[in-house]
Amino acid sequence: MDLLALADFTLVARHGGFGRAARASGRPKATLSRRVAELEASLDIRLIERGGRTLKLTEEGRALFERTGALLTELDETVGAIASGGDQPRGRLRISAPLLFSQTAMGKLAATFALRYPEVRLEVTTDDRAVDMVEEGYDLVIRVNPDPDESLVGRIFLRDQLVVVASPSLTRPADGALVPAVVRSTEQIAAWDVMAAMGSSRIAIDPILRLSSLIMVRDAVRAGVGAACLPLSLVSRDLAAGRLAHWGDLDAPAVALWALYPSRRLLSARVSAFLDHLKQAFPVGTPAELAAYVEPRDDGPIIPSAR
């Protein structure tokens, strides 16, 4: 197989068309078209559907791009690192992260990483859905309690605990009585099972307010409109200051944040550097560490004990 033709096909597929690839690479559009045609002839398969206004890969073309695009990128970067006399991270690093982590911590993480590795062009997008890393061109994704995926490997770098909190002005109801609640827009629940110092209990809720962001939920609870179930790291300062009251821990598995990357992809220097950056930011990976990272203070966050 002609590796140069394969590289040209990958360039066209990544940029979504011959014209865009030509402008990005500074190479003639006709040359790229000819090289892709030669690759198709050598493989005896059609890789790109012609005739449309936008590029469309065939099923075979998509499979080839998914399996070789990342490998060719890693090969180029390895050659570049050897030529420059080192393995200093460089090039583009695309990361997808969930909304709450992006809003609270990702800006600081990205800035400190960029200062430390100026030759890396970091791009972070926010998305709570499980993005397709290969299809959408991500090098690393951060996910909350992800489903098992044989195509991905990674590590947990943070753990959090969901707690039920409310304004001190809101009286916790007796068992069975409804309590006004603020929930996320996607939640469809009727009660919270909580563990507290006095034992376990069930809190029946009346969702009077639905919001799309957990930060919005926290702010609404601060205003006294109702109770909410929130990550401990997000409300530890409020609990310590007495702005919120702690009704107990949600009786559910802990929240785990994973950093994931494709298992079949060579681990690039950029991804390795960012994984190390996460480890340095959160060496233990507790809610207290995340709260302190988001809102640092000399004496650190106070995390109440529910047990």
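Values in this document were obtained by computation on a predicted structure and should not be read as measured data.

## Regarding the packing of helix 8 (residues 232-241) against helix 10 (residues 287-294)
Between helix 8 and helix 10, the least distance of the axes is 8 Å, while the angle of their chain directions is 70°. Regarding the angle of helix 8 to helix 10, the classification is roughly perpendicular. Crossing of helix 8 against helix 10: the hand is right-handed. Counted together, Leu232, Ser233, Ser236 and Arg237 of helix 8 and Pro287, Leu290, Ala291 and Ala292 of helix 10 form the full contact between these two elements. Across the contact of helix 8 with helix 10, the residue classes tally to five nonpolar, two polar and one charged.

## Re helix 5 (residues 99-116)
Because each turn of an α-helix spans 3.6 residues, side chains separated by three or four positions end up pointing in the same direction. For helix 5, spanning 18 residues, the distance from its first C-alpha to its last is 24 Å, which sits close to the expected 26 Å at 1.5 Å a residue. The sharpest bend along helix 5 measures roughly 60° and falls at alanine 105. Buried residues of helix 5: Phe101, Ser102, Ala105, Met106, Leu109, Ala110 and Phe113, and no others.

## Things to note about the sheet that holds strand 5 (residues 140-144)
What the five strands build is an open sheet, ordered 4-3-5-13-6; its pairing is mixed. The strands lining the two open edges of the sheet, one partner per strand, are strand 4 (120-126) and strand 6 (152-160). Direction aside, neighbouring strands of the sheet carry axes that sit 20° apart on average. Across the sheet, helix 5 lies against strand 3 (91-97), strand 4, strand 5, strand 6 and strand 13 (255-262), angled at about 175° from strand 4, the strand it touches most. Together, strand 3, strand 4, strand 5, strand 6 and strand 13 form the strand contacts of helix 9 (residues 269-281), whose direction differs from that of strand 3 by roughly 50°.

## Observations regarding the sheet that holds strand 9 (residues 191-196)
Spatial ordering of the open sheet is given by 8-10-9-12-7-11, a layout of six strands whose pairing is mixed. Only two strands of the sheet have a single partner each, and these edge strands are strand 8 (179-184) and strand 11 (228-231). In this sheet, neighbouring strand axes are inclined to one another by 55° on average, regardless of whether the strands run parallel or antiparallel. Strand direction decides the pairing type here: strand 9 and strand 12 (residues 245-250), joined by two bridges, are antiparallel. Opposite methionine 195, over in strand 12, you have aspartate 249 as the bridge partner.

## Some words on a nonpolar patch on the surface
Together, Ile208, Leu209 and Val225 make up an exposed nonpolar region whose accessible area comes to about 200 Å². Mapped onto the secondary structure, leucine 209 falls in strand 10 (residues 199-211). Since its relative accessible area comes to 30%, leucine 209 is described here as partly exposed.

## Concerning the pattern of salt bridges
On inspection of all chains with the given rule, the structure shows 15 salt bridges. A salt bridge links arginine 94 to glutamate 123; the nearest nitrogen and oxygen atoms lie 3.2 Å apart. In this pair, arginine 94 sits in strand 3 while glutamate 123 sits in strand 4, placing the two residues 29 residues apart along the sequence. Judged by relative accessible area, which is 31%, glutamate 123 ranks as partly exposed. When the shortest N-O distance is used, the salt bridge between arginine 243 and aspartate 238 registers 2.6 Å. Since its relative accessible area comes to 1%, aspartate 238 is described here as buried. What emerges from the salt-bridge pattern is a single network uniting Asp8, Arg27, Arg34, Arg35 and Glu38.

Parameters and conventions
Residues numbered from 1 in each chain as written. Predicted model: local features only at pLDDT ≥ 70, side-chain atom pairs only at ≥ 80, totals over all residues. Heavy atoms only, no water. Axes fitted to C-alpha atoms, helices over the stretch in contact; angles between N-to-C directions. Helix = DSSP H or I, 4+ residues; strand = E, 2+ residues; numbered from the N terminus. Parallel < 35°, antiparallel > 145°, perpendicular 65-115°, else oblique. Left-handed = near helix turned anticlockwise from the far one by under 90°. Contact = heavy atoms within 4.5 Å. Nonpolar A, V, L, I, M, F, W, Y, C, P; charged D, E, K, R; others polar. Expected span 1.5 Å × (residues − 1). Bend = angle between axes of the 7 residues up to and from the residue. Buried < 20%, exposed > 50% of the residue type's maximum accessible area, 1.4 Å probe, protein only. Pairing = 2+ DSSP bridges. Patch = residues over 30% accessible without salt bridge, like charges linked within 9 Å, V, L, I, M, F, W, Y side chains within 5 Å. Areas by Shrake-Rupley, 256 points an atom, 1.4 Å probe, with all protein chains shown as cover. Salt bridge = Lys/Arg side-chain N within 4 Å of Asp/Glu carboxyl O.

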